[in-house]
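Chain by chain, the residues:
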There are 2 protein chains.
Amino acid sequence: MADRNSPIGVFDSGVGGLTVAREIMRQMPDEKIVYFGDTARVPYGNKSCSTVIRFTRQIIRFLMTQDVKAIVIACNTATACALETVENDLDIPILGVIHAGARTAIESTKNGKIGIIGTEGTIRSGVYSRVIKEMREDIEVTGKPCPLLVPLVEEGLLHDSVTDEIASRYLSELKGKYIDTLVLGCTHYPLLRSTVGRLMGPEVTLVNPAYETALELKQVLEEQGLICDPDNGSSIDKYHFYVSDLAEKFTSFAASILPGQVKETRQINIEEF
Amino acid sequence: MADRNSPIGVFDSGVGGLTVAREIMRQMPDEKIVYFGDTARVPYGNKSCSTVIRFTRQIIRFLMTQDVKAIVIACNTATACALETVENDLDIPILGVIHAGARTAIESTKNGKIGIIGTEGTIRSGVYSRVIKEMREDIEVTGKPCPLLVPLVEEGLLHDSVTDEIASRYLSELKGKYIDTLVLGCTHYPLLRSTVGRLMGPEVTLVNPAYETALELKQVLEEQGLICDPDNGSSIDKYHFYVSDLAEKFTSFAASILPGQVKETRQINIEEF
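Residues numbered from 1 in each chain as written. Chains lettered and ligands numbered in written order. Predicted model: local features only at pLDDT ≥ 70, side-chain atom pairs only at ≥ 80, totals over all residues. Heavy atoms only, no water.

Caption draft 1: Local environment of the relation of the copies chain A and chain B. Once turned by 180° and shifted 0.0 Å along the axis, chain A lies on chain B with an RMSD of 0.0 Å. Here the copies are linked by what is in effect a two-fold axis. For chain A, the smallest separation between a C-alpha atom and the rotation axis is recorded for R41 of chain A, amounting to 2.3 Å. (Least-squares fit on C-alpha atoms with pLDDT ≥ 70 in both.)

Caption draft 2: Here's a closer look at the packing of aromatic side chains. Residue and element names in this part refer to chain A. Under the counting rule described, the total for this entry stands at 14 aromatic pairs over all chains. A centroid spacing of 5.1 Å and a plane angle of 70° characterise the contact between F62 and Y242, whose relative ring orientation is edge-to-face. You can see F62 sitting in helix 2 (residues 49–65) and its partner Y242 sitting in strand 9 (residues 239–243), a full 180 residues away along the chain. There is no split in this pair, since F62 and Y242 are both buried. Each ring, one from F241 and one from F250, has its centre 6.1 Å from the other, and the planes form 50°; the classification is tilted. Summarising the burial analysis for this pair, F241 and F250 share the class buried. Clustering of aromatic rings is evident, with ring pairs tying together F36, F62, Y242 and F273. Positioned above the aromatic ring of F55 is the side chain of R41, whose terminal nitrogen or guanidinium carbon lies 3.8 Å from the ring centre. (Phe/Tyr/Trp six-rings, centres within 6.5 Å; stacked < 30°, edge-to-face > 60°. Helix = DSSP H or I, 4+ residues; strand = E, 2+ residues; numbered from the N terminus. Buried < 20%, exposed > 50% of the residue type's maximum accessible area, 1.4 Å probe, protein only. Lys NZ or Arg CZ within 6 Å of the ring centre and 35° of its normal.)

Caption draft 3: Structural detail: the sheet that holds strand 3 (residues 70–73) of chain B. Residue and element names in this part refer to chain B. Read across the open sheet, the six strands follow the order 4-3-1-2-9-10; overall the sheet is parallel. Strands at the two margins of the open sheet, each flanked by one partner only, are strand 4 (94–95) and strand 10 (265–267). Looking at chain direction, strand 2 (residues 33–37) and strand 9 (residues 239–243) are connected through five bridges and run parallel. The residue bridging I33 from the neighbouring strand is Y239, located in strand 9. Seen against the sheet, helix 11 (residues 247–257) touches strand 2, strand 9 and strand 10 and runs at an angle of roughly 155° to strand 10. (Pairing = 2+ DSSP bridges. Contact = heavy atoms within 4.5 Å. Axes fitted to C-alpha atoms, helices over the stretch in contact; angles between N-to-C directions.)

Caption draft 4: Expanded view of the UniProt feature "binding site: substrate" (unreviewed entry) in chain A. All names here are of chain A. UniProt feature "binding site: substrate" (unreviewed entry): in the numbering of this structure it lies at D12, S13, Y44, G45, N76, T77, T187 and H188. What stands out for the annotated residues spanning 177 residues is how close their C-alpha atoms remain, the widest pair being 12.4 Å apart. If we skip the residues at most four places from it in the chain, D12 touches G17, Y35, F36, G37, D38, A74, C75 and T187. Side-chain polar atoms of D12 contact the backbone nitrogen of G14, separated by 3.2 Å. Topologically, T187 is positioned in the loop between strand 7 (181–184) and helix 9 (193–200). Accessibility expressed as a relative area gives 6% for T187, which makes it buried. In contact with T187, not counting residues within four places along its chain, are D12, G16, G17, T19, V20, A74, C75 and N76. (UniProt positions renumbered as here; feature names shortened; annotations may be inferred. Polar contact = N/O pair within 3.5 Å; in protein donor to acceptor, adjacent residues only side chain to side chain.)

Caption draft 5: Representation of the side chain of T163 of chain A within the structure. Residue position: T163 of chain A is located in helix 8 (residues 161–175). If we ignore the near neighbours within four places in the chain, the residues touching T163 of chain A are L152, L157 and L192 of chain A.

Caption draft 6: Representation of helix 4 (residues 98–108) of chain B in the model. With eight of 11 residues buried, helix 4 of chain B is to be regarded as a mostly interior element. Restricting attention to buried positions, one finds in helix 4 of chain B the residues I98, A100, G101, A102, T104, A105, I106 and S108 of chain B.

Caption draft 7: Structural detail: the domain arrangement of chain A. Residue and element names in this part refer to chain A. The domain architecture assigned to chain A consists of domain 1 (8–96 + 211–272) and domain 2 (98–209). Taken over C-alpha atoms, the centre of domain 1 sits 23 Å from the centre of domain 2. The interface of domain 1 with domain 2 comprises 23 residues on the first partner and 25 residues on the second. Summing both partners gives a buried area of about 1,800 Å² for domain 1 against domain 2, and 53% of it is carried by carbon and sulfur. When the area that domain 1 buries against domain 2 is broken down by residue, the three leading residues are N76, A80 and E212, summing to 31%. Remark: the boundary between domain 1 and domain 2 carries one salt bridge. Between R130 and E84 there is a salt bridge; the shortest N-O distance is 3.4 Å. Our enumeration of links across domain 1 and domain 2 arrives at 13 residue pairs in polar contact (both at pLDDT 80 or more). (Domains from an automatic or database assignment. Buried area = accessible area lost by both parts, 1.4 Å probe. Salt bridge = Lys/Arg side-chain N within 4 Å of Asp/Glu carboxyl O.)

Caption draft 8: Main features of the UniProt feature "active site" (unreviewed entry) in chain A. Residue and element names in this part refer to chain A. The UniProt record marks C75 and C186 with the feature "active site" (unreviewed entry), using the residue numbering of this structure. Taken along the chain, the residues just named run across 112 residues; in space they keep tight, none of their C-alpha pairs more than 6.8 Å apart. With respect to the helices and strands, C75 occurs in the loop between strand 3 (70–73) and helix 3 (76–86). When its relative accessible area of 4% is taken as the criterion, C75 is described as buried. Filtering out sequence-adjacent residues up to four positions away, C75 remains in contact with F11, D12, S13, Y44, V97 and T187. Looking at where C186 falls in the secondary structure, it is placed in the loop between strand 7 and helix 9. Exposure remark for C186: the relative accessible area of 6% places this residue in the buried category.

Caption draft 9: Broad picture of the interface of chain A and chain B. In this complex, chain A contributes 30 residues to the contact, which on the side of chain B involves 30 residues. Note on chain A versus chain B: buried area summed over both sides is about 2,400 Å², and carbon and sulfur give 49% of it. When the buried surface of chain A facing chain B is broken down by residue, L148, V162 and E271 of chain A rank first, second and third, together holding 20% of it. The interface formed by chain A and chain B includes six salt bridges. One salt bridge connects R169 of chain B with D160 of chain A, and the closest N-O pair in it is separated by 2.8 Å. At the boundary of chain A and chain B, one finds 19 residue pairs in polar contact (both at pLDDT 80 or more). Elements that contribute at least two residues to the side of chain A that touches chain B include exactly helix 2, helix 7 (149–154) and helix 8 of chain A. Broken down by element, the residue count for the side of chain A that touches chain B peaks at five residues, all from helix 8 of chain A. In the side of chain A that touches chain B, the residues fall into 12 nonpolar, nine polar and nine charged. (Nonpolar A, V, L, I, M, F, W, Y, C, P; charged D, E, K, R; others polar.)

Here's what the structure looks like:
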């Protein structure tokens, strides 16, 4: 039986999942978080599902050594490839970023046409389409892989003519499909929200699974009596960050997008788990 | 004592090193090659040297199980980070791609100003500058990291306005330094040779370390009596390809740039080595 005052484990291939951690911090400010970013093997989006499942299992074994009470796969590719495979092995709740985003997209659409943008791995898996059709089979889902958006974000070209040009090429196909709702199906993409919003136009609603996933996590923790005590110890040590490479670079990126609690990041050898 | 009819081991983080393998095939058509591409952990260019050294050691252990007579690190980042560390552990020749390129750049320059383009890891290591200055200390070396060129090549945007724009931004700094020689310090970059050549202009000589490295390898094998017999068995099984992920995708990329000998690619779990 998990301890309600234990931390929540959150992981991603790198820094993208910090957009999910940020939402959890906003919506549940008392909860502790252990974050892991697999920066030695980033990115996941251009790798096979069997490889991503192997990496995911190693990370879950590491997070279990940190006594987490729940795990959030804050990475669309890993959710797409691994969630169904690993959830039966665990006796604590494990959530991905896909179900919550899919549900919100269905609630949002009026014309029944939803677009998904994501990595090659996420789109190739067809998981969004499958999950959405399980919930409502009359919805038309169009997926579009956008492989260059992650490197462009990681190079910091958030507001740049090149990013505009590349995004415009990727999105033109979706514009031809008359979608009214677009899921940002990669945790890096909320950082390009204004670019994508401008290109798609005001008639298209953007869905950010990071926000929805934090909401879903809160609900799951409530149902299972796992919400922490508000006074469960020092707030100084609330957030712990681990990576498989380049800890300092991670710390400075994390400090730039989180509300100020990034003291240090520790490096571990994830292949040993 | 290595057998002269054993294969040459060649490795890279992914497909880039195939430009080196291709030169070896052209210059020494009788030699056997075992190629390994670390496609589960690609790219190396944005990772730390300690991580790249760990990956390199695993790959060398794998290649030794294939009884290679010599090893070529067909990756600038791995050469920059790992060559000096690993060469003492081995009793067969091991070559990187940096020394040969550096030597040719020195022979080419007339004004003593050499530029290097490469990944973050290669440029940050300062290895080209160090190697060149060891050979001739009056040379002025300017390095410029070009992190987006690898993803652009891997997406196939070899002749594209976006690649032109990004390359032009990276190269403008080097143009201001009045270099007359530019080293293509990443094994992906020969695939952008025409773009880089056009942007730099005809007065700048481009050095492709892939070509120079194959020449150096031939010389080393000759010196050590390790050139194969011309009739050392069937030519059908001359080239073997291994990767850590996505074997089929690798096979089709390799078939598109090699002269037609790519039968199949086998996937191995490199973390076990």
